[in-house]
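In case you want the letters, here they are:
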Amino acid sequence: MLPPNSYFVCTTPRSGSTLLCETLARTGLAGRPNEWFEALRATDTRRQPRQYFDEIPPDIEELLPIVTEEPQPELARAGTYLDYLDWVATEGTTPNGVFGAKIMWGHVHDLAGRLRELRSADAQTDVAVFRDAFPRARFVRIVRTQKIEQAVSLWKAIQTQHWRAGANQERTRREPVYHEWAIATLARQLFDHERRWTEFFDQLGAEPLTISYDDIVGDLRGTVVAVLEHLGVAVPEALEVRPLLRRQADERSQEWVRRFVADNRAGHAAAA
């Protein structure tokens, strides 16, 4: 289904994963770890802004854009999901035989569901389906410990639909609006998804290479080397690491974090 030397970058949104994965792809040695499995099973499209929340208060709903999107063309053209996986294997593999993919926790259940349909094994857990489908896969886990900063970044991106920043990525977009409830809700979701990743690896019996957001931002080359070594790929002495992206955190992000912390301190004080 996938090449023997395959790996998954397992993470949550706004963790630095795009910077790392695009840099890994540019080495030509670590596959092309794109989000091959981000399309939701029900729609074959990416998650809509409203789908980040279970319940949406009216003042939140008006801040969330409606994104018009066609089903992922490769999925639409594929006769079966197995055909799509064959396409993914080709596109995501570099000439040295390494395949890479990035996957958020929010995509695991949908991917397992698609794989379960291929195998007619409804009773299997998601972990068991994953183990059977990718028995030799390696895992890289990215964790961002500062969850309020991560939630602020996610809330801004959901509103603006501006997910990456690079030399040619700036464009006119709607101005994001601070909202304490939205940030708190997303922070709880991020904590929950981290916990679920931990449970996933425990049940799978796998030991991922764990990388922090600070590792990526502070030592990108060293982080890329660590991933290559984890994959058993020889690291060229002249390996060049040239990121195309820059950090999106700005003064507004920092101000929102300070404001959120102050709001919550005030709330706790009032409740005491």
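Since we're looking at a predicted model, the values are computed, not measured.

## Regarding the packing of helix α1 (residues 17-27) against helix α10 (residues 220-230)
Thought 1: Close contact between α1 and α10 brings their axes to 10 Å; oriented N to C, the two are set at 65°. Relative to α10, the element α1 is oriented roughly perpendicular. The two elements α1 and α10 cross, and the hand of that crossing is right-handed. Mapping the contact onto sequence places L19, L20, T23, L24 and T27 in α1 and L220, T223, V224 and V227 in α10.
Thought 2: Here the contact of α1 with α10 is built from residues that sort into six nonpolar, three polar and no charged.

## Brief notes about helix α7 (residues 147-160)
Thought 1: Over its 14 residues, α7 extends 20 Å from the first C-alpha to the last, a length consistent with the 20 Å expected when each residue adds 1.5 Å.
Thought 2: Taking burial as the measure, the 14 residues of α7 include 12 buried ones, the bulk of the element.
Thought 3: Residues of α7 that are buried: K147, Q150, A151, V152, S153, L154, W155, K156, A157, I158, Q159 and T160.
Thought 4: Among the residues trailing α7, Q161 stands out with phi positive, at a value near 60°.

## Regarding the pairing of strand β2 (residues 98-104)
Thought 1: Within β2, seven of the seven residues are buried, which leaves it mostly tucked inside the rest of the structure.
Thought 2: Burial along β2 is two-sided: the face carrying V98, G100, K102 and M104 and the face carrying F99, A101 and I103 are both buried.
Thought 3: The pairing of strand β1 (residues 5-11) with β2 spans seven bridges and is classified as parallel. Pairing of Y7 across the sheet is with G100, part of β2.

## With respect to the nonpolar core
Note that soluble globular proteins tend to have their nonpolar side chains buried in a common cluster.
Thought 1: Counting residues in each nonpolar core, the largest one holds 31 residues, and the members touching the most others are F8, F37, L111, F134, F139, W197 and F200.
Thought 2: With sequence-adjacent residues up to four places away left out, L111 is seen in contact with F37, Y81, I103, F130 and F134.
Thought 3: Counting 22 residues, the second-largest nonpolar core is a separate cluster that includes Y7, L19, L24 and V140.

## So, the pairing of strand β3 (residues 138-143)
When a strand is regular, its side chains alternate between the sheet's two faces.
Thought 1: Across the six residues of β3, five count as buried, placing the element largely inside the fold.
Thought 2: Pairing between β1 and β3: four bridges, direction parallel. Bridge pairing in β3 places Y7 opposite R138.
Thought 3: In terms of strand pairing, β3 meets strand β4 (residues 209-212) through four bridges, oriented parallel. Within β4, the position partnered with R141 by the bridge is T210.

## Some points on unusual backbone geometry
Thought 1: Phi at D44 is positive, roughly 60°, even though this residue is not glycine.
Thought 2: With respect to the secondary-structure elements, D44 resides in the loop between α1 and α2 (58-61).
Thought 3: Phi at Q161 is positive, roughly 60°, even though this residue is not glycine.
Thought 4: Tracing the backbone through its elements, the reader meets Q161 in the loop between α7 and α8 (180-204).

## Notes on the confidence of the model for the protein chain
Thought 1: A residue-level look at the protein chain finds 91% of positions with pLDDT of 70 or above and a mean pLDDT of 90.
Thought 2: Scored below 50 in pLDDT, residues 167-172 shows nine contacts in the model against residues more than four places distant or in partner chains.

## Some details on empty space enclosed by the protein
Thought 1: Applying the stated criterion across every chain, the model contains two cavities of 30 Å³ or more.
Thought 2: Every residue lining the largest cavity is listed: W36, F37, E38, A39, L75, Y81, Y84, H107, D110, L111 and R114.
Thought 3: Elements that contribute at least two residues to the lining of the largest cavity include exactly α4 (81-91) and α5 (105-119).
Thought 4: In terms of residue count, α5 provides more of the lining of the largest cavity than any other element does, four residues in total.
Thought 5: Counted by class, the lining of the largest cavity contains seven nonpolar, one polar and three charged residues.

The rules we used
Every chain is numbered on its own, with residues counted from 1 as its sequence reads. Whole-chain, interface and lining totals are the exception, using all residues; otherwise, since this is a predicted model, local features are given only for residues with pLDDT of at least 70 and side-chain atom pairs are given and counted only at 80 or more. Where side-chain values are given, they derive from all heavy atoms of the structure, hydrogens and water being excluded. Note on definitions: angles span 0 to 180 degrees between N-to-C directions of axes, and those axes are lines fitted to C-alpha atoms, for helices only across the stretch in contact. Helix and strand definitions here come from DSSP, where helices need a minimum of 4 consecutive H or I residues and strands a minimum of 2 consecutive E residues; each element is numbered from the N-terminal end. We call two directions roughly parallel when the angle between them is under 35 degrees, roughly antiparallel when it is over 145, roughly perpendicular when it lies between 65 and 115, and oblique otherwise. Take the far helix as the reference: if the near one is turned anticlockwise from it by less than a right angle, the crossing is left-handed, and if turned clockwise, right-handed. Every residue pair with non-hydrogen atoms within 4.5 Å of one another is taken to be in contact. Only Asp, Glu, Lys and Arg are considered charged, only Ala, Val, Leu, Ile, Met, Phe, Trp, Tyr, Cys and Pro nonpolar, and every remaining residue, Gly among them, polar. Take the residue count of a helix, subtract one, and multiply by 1.5 Å to get its expected span. Whether a residue is buried, partly exposed or exposed follows from its accessible area with a 1.4 Å probe, protein chains only, as a fraction of its type maximum: under 20%, in between, or over 50%, in that order. Paired strands are those between which DSSP finds at least two bridges. Buried residues of nine kinds, namely Ala, Val, Leu, Ile, Met, Phe, Trp, Tyr and Cys, make up a nonpolar core once their side-chain atoms join them within 4.5 Å. Note: pLDDT gives the predictor's confidence per residue, expressed from 0 to 100. Think of a 1 Å grid over the protein atoms and nothing else: a 1.4 Å probe that fits but is trapped marks a cavity, an open set flanked by protein within 12 Å on at least five of seven lines marks a pocket, and residues with an atom within 4 Å of a point count as lining. Grid points are joined across faces, edges and corners, and a volume is the space filled by probe spheres set on the points.

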